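Report on the structure
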Amino acid sequence: MEAAASGMAAQQTQLEIVADNLANADVAGFKSSAATFADVRAGAIGLGTTSVGRHAVFAQGKLVRSGGPFDVAIDGPGFFVVERGAARAYTRNGEFSRDADGAVRDASGYALARVRIPADALAVRVERDGRVLIDTPQAKGREIARLRLASFAAPEALRPLGGTLFAATERSGAAHLFAPGAPDGPSIAFGMLERSNVSVVESMMQILGAQRAYEANAKGVQAADEMLRIANNLHRG
Amino acid sequence: MDGIEWMGSAMRAARAQLDVATHNLANASTDGFRRSAATVALTPRGLSVGARETHEQGAVHRTGRTFDLALLGAGAFRVGEVTTRDGAFQRDKDGWIVDDRGRRLHGACGPLRVSEQATIAADGTVHDRGRILDRLPLPGGTRVLAGALETSTVNPIGETLAILTAQRAFETAEKTLSAIDATREKAANDVVRVQ
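For the structure given in this document, a descriptive report is provided here. (Residues numbered from 1 in each chain as written. Chains lettered and ligands numbered in written order. Predicted model: local features only at pLDDT ≥ 70, side-chain atom pairs only at ≥ 80, totals over all residues.)

Another aspect to go through is the overall build of chain B. Along chain B, the regular secondary structure elements total two helices and 15 strands. Relative to its length of 195 residues, chain B is extended, with a C-alpha radius of gyration of 25 Å against a globular reference of 16 Å. Oriented by its inertia axes, the alpha-carbon framework of chain B measures out at about 100 × 30 × 30 Å. Split into buried and exposed, the 195 residues of chain B put 40% on the buried side. A fraction of 58% describes how many contacts in chain B between residues 6 or more apart in sequence connect residues 24 or more apart. (Helix = DSSP H or I, 4+ residues; strand = E, 2+ residues; numbered from the N terminus. Rg over C-alpha atoms; globule rule 2.2 N^0.38 Å. Buried ≥ 20, exposed ≤ 12 C-beta atoms within 10 Å, placed from the backbone. Contact = placed C-beta atoms within 7 Å.)

This is the structure we're talking about:
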């Protein structure tokens, strides 16, 4: 009975993760997660399953042209470095907009580190190699900053902060900052967004599978319960 | 062994078969899991149920992570002191290839420590910066598919069927046991009535 119950709990976990993925399927730069389970063994007949962990899947999402005035995407591995006050986070969501104070912020208020757009800028663009260029009435293509991307020794150990933001942890190692645009390295795509890497069809299939497995496990609990009931009634004839 | 003991052992056997089926079902989402098949043996002391692991190949699904490895064929990965077919690995910050519990994946010459550019080829060799670093100790003919995971071989419909079968077998044994018990009750109390 415990084995079947552990299976129900596992499917519950699976459903929660798939639901979370699906809910964010339309969020630019979102990375899906996957759960890992392991079987519990003791002697010949096992004792069910246990949830071992959850990891983000950092597979590249499709880049799509978005037309946003400051939309950027990373073609290749790496993260944007964003800050809010003293808090620093890393994200692949490049859906930024220009704030009144010149900062370039995302929807949750995190600003791109070290980028401040002067008030007289008419147009802003970002080159492949991360150089931020502005057009002012006086000059065209003046460089005001250069975006640097962060890479990690173990990106899968980053701590999710909700949505598309991640924080560095002991296990992920410290961020290593690098300039994009190297010949075989990642580059910046301006006016593009990275779609989430969630496959809606695959998520739906996972939900169906989890639901069926949950029901089947519930049957197992029922059957075990029924056997105990019968055994209890043996004596009364 | 008399009839009641036989039926008791049949009920225990049905219960054990249920345990095997529920263990399988619980692991319907465990990557690399291979379903166990219940084995029933007739012994002079009643029915004895065991379980043995089956060796069917699980379906493979793509994940896109570099160090997710699926085995096509026999064999298993060595992580720490144990072996597993669950190939969900990642590179930790020191370069070790670890599973979600932090256990290190072993090659033929010990735990694997690689750079970010490392790849694992179909024959199990670990390539890192243009040279061969090590090889996963796998039997001949087994191929490794990187960027994919082998899913559980459990089929929920089959296991549900096994649950129902075990449940009915349990009931049958119980009914038979009760019938034998009722017969004995009659024999003891009614056939020879002591005046």
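On to the overall build of chain A. Assigned secondary structure in chain A consists of two helices and 18 strands. Since a compact globule built from 237 residues should have a radius of gyration of about 18 Å, the 24 Å found for chain A marks it as more spread out than a globular shape. Principal axes of the C-alpha set define a box for chain A whose edges measure 100 × 35 × 30 Å. For chain A, long-range pairs separated by at least 24 residues make up 60% of all intrachain contacts whose partners lie at least 6 apart in sequence.

All names here are of chain B. Strand order in the open sheet formed by three strands is E11-E12-E13, with antiparallel pairing between adjacent strands. Edge positions in the sheet fall to strand E11 (119-120) and strand E13 (131-135), since each has one partner strand and no second. Pairing between E11 and strand E12 (residues 125-128): two bridges, direction antiparallel. When the bridges of E12 are listed, Ile120 appears paired with Val126. (Pairing = 2+ DSSP bridges.)

Counting residues at the interface gives 42 residues for chain B and 43 residues for chain A. Elements with a contribution of two residues or more to the side of chain B that touches chain A: helix H1 (3-26), strand E2 (46-53), strand E7 (89-91) and helix H2 (156-191) of chain B. Per-class residue counts for the side of chain B that touches chain A are 15 nonpolar, 13 polar and 14 charged. (Nonpolar A, V, L, I, M, F, W, Y, C, P; charged D, E, K, R; others polar.)

With their axes 8 Å apart at the nearest point, helix H1 (residues 2-23) of chain A and H1 of chain B run at an angle of 15 degrees to one another. The angle between H1 of chain A and H1 of chain B falls in the class roughly parallel. Note on packing geometry: the crossing formed by H1 of chain A with H1 of chain B is left-handed. For the pair formed by H1 of chain A and H1 of chain B, the contact residues are Ala3, Ala4, Ser6, Gly7 and Ala10 of chain A on the first element and Asp19, Thr22, His23, Leu25 and Ala26 of chain B on the second. Tallied by class, residues from the contact of H1 of chain A with H1 of chain B come to five nonpolar, four polar and one charged. (Axes fitted to C-alpha atoms, helices over the stretch in contact; angles between N-to-C directions. Parallel < 35°, antiparallel > 145°, perpendicular 65-115°, else oblique. Left-handed = near helix turned anticlockwise from the far one by under 90°.)

Right, let's get into the sheet that holds strand E11 (residues 131-135) of chain A. Residues and elements named next belong to chain A. Taken in spatial order, the three strands make up an open sheet running E10-E11-E12, and their pairing is antiparallel. Sheet topology places strand E10 (123-126) and strand E12 (142-146) at the edges, where each strand pairs with a single neighbour. Put simply, the sheet's adjacent strands are angled 25 degrees from each other on average, direction ignored. The sheet contact formed by E11 and E12 spans four bridges and is antiparallel. Looking at E12, one finds that Leu133 is bridged to Glu143.

With that settled, the discussion passes to the nonpolar core. Nonpolar side chains in soluble globular proteins tend to be buried together. If you look at the biggest cluster of nonpolar residues, it comprises 38 residues, and the most contacted ones within it are Ala14, Leu18, Ala21, Leu25 and Ala166 of chain B. Among the elements of the structure, H1, strand E1 (33-39) and helix H2 (200-233) of chain A together with H1, E2 and H2 of chain B are those that each provide at least two residues to this core. At 11 residues, H1 of chain B tops the list of elements feeding residues into this core. Excluding anything up to four places from it in sequence, Ala166 of chain B contacts Ala223 of chain A together with Ala14, Gln17, Leu18 and Ala21 of chain B. Among the nonpolar cores identified, the runner-up in size contains 30 residues, and Phe96, Val132, Leu147 and Phe152 of chain A belong to it. (Core = buried A, V, L, I, M, F, W, Y, C linked by C-beta atoms within 7 Å.)

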